[in-house]
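# Notes for the structure review
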Amino acid sequence: MGKSFLLCYFGETITPSIEQGDLLVAVSGSGTTKSVVWTAEKTHSLGCPVIAVTTNPESALAATANPILHVPAATKYRRENELKTIQPLGSLFDQSVHILFDVICLEYGKLNEVDHSQAFGRHSNLE
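The shown structure was predicted, so the numbers you read here are calculated from the model rather than taken from an experiment.

### Regarding the side chain of Thr54
When you line up the elements, Thr54 lands in strand β2 (residues 50–54). A polar contact is formed between the side chain of Thr54 and the backbone oxygen of Ser28, at a distance of 2.8 Å. Dropping the residues within four chain positions of it, Thr54 is found in contact with Ser28, Gly29, Ser30, Gly31, Ser59, Leu61, Ile68, Leu69, His70, Val71 and Phe93.

Shown next, in the form of structure tokens:
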């Protein structure tokens, strides 16, 4: 199996310190969410790479990242360049990112030969 990784939600007291070799995937539809931008800037200043997932490739978040995953969806701000939708707030962006991450997980599993039973064996048992 390939390299292991730990998925953490930043801001929790139990989240480990970011260190050399770590990667931050920062998600903000607008690319302007203050806590996400600040975390990306701090991560970048520590010499760790940042991947931005956003609708706005010109945003403050995108400026800290390389690469940028541009998700062309609507956010709660309904900027001129965003897709039109009847869905409320950032639902279209949220759903699009969920599908994007599902595809990434599927490809990771395929590349590292991780099948459903192996993934299930590593799934949380505290539900």
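### Describing helix α1 (residues 34–45)
End to end, α1 covers 16 Å across 12 residues, agreeing with the expected 16 Å (1.5 Å per residue, within 8%). Those residues of α1 not exposed but buried are Val36, Val37, Thr39, Ala40 and Thr43. The arc that holds every buried residue of α1, seen down its axis, measures 165°, which confines them to one face. Turned more than 90 degrees off the buried face of α1, the exposed positions are Lys34, Trp38 and Ser45. Buried residues along α1 sit against β1 (24–27), β2 and α2 (60–63). Just downstream of α1, Gly47 is the residue with a positive phi angle, here 85°.

### Overview of the sheet that holds strand β3 (residues 68–70)
The strands that make up a sheet are held in pairs by hydrogen bonds between backbone atoms, and each pair lies either parallel or antiparallel. In spatial order, the strands read β1-β2-β3; together these 3 strands make up an open sheet with parallel pairing. A strand with exactly one partner marks an edge of an open sheet, and here the two such strands are β1 and β3. Along the sheet, successive strands turn relative to each other by an average axial angle of 15°, direction set aside. In this structure, β2 lies alongside β3, joined through 3 bridges in parallel fashion.

Thresholds applied
Residues numbered from 1 in each chain as written. Predicted model: local features only at pLDDT ≥ 70, side-chain atom pairs only at ≥ 80, totals over all residues. Heavy atoms only, no water. Helix = DSSP H or I, 4+ residues; strand = E, 2+ residues; numbered from the N terminus. Polar contact = N/O pair within 3.5 Å; in protein donor to acceptor, adjacent residues only side chain to side chain. Contact = heavy atoms within 4.5 Å. Expected span 1.5 Å × (residues − 1). Buried < 20%, exposed > 50% of the residue type's maximum accessible area, 1.4 Å probe, protein only. Arc of directions from axis to C-beta. Pairing = 2+ DSSP bridges. Axes fitted to C-alpha atoms, helices over the stretch in contact; angles between N-to-C directions.

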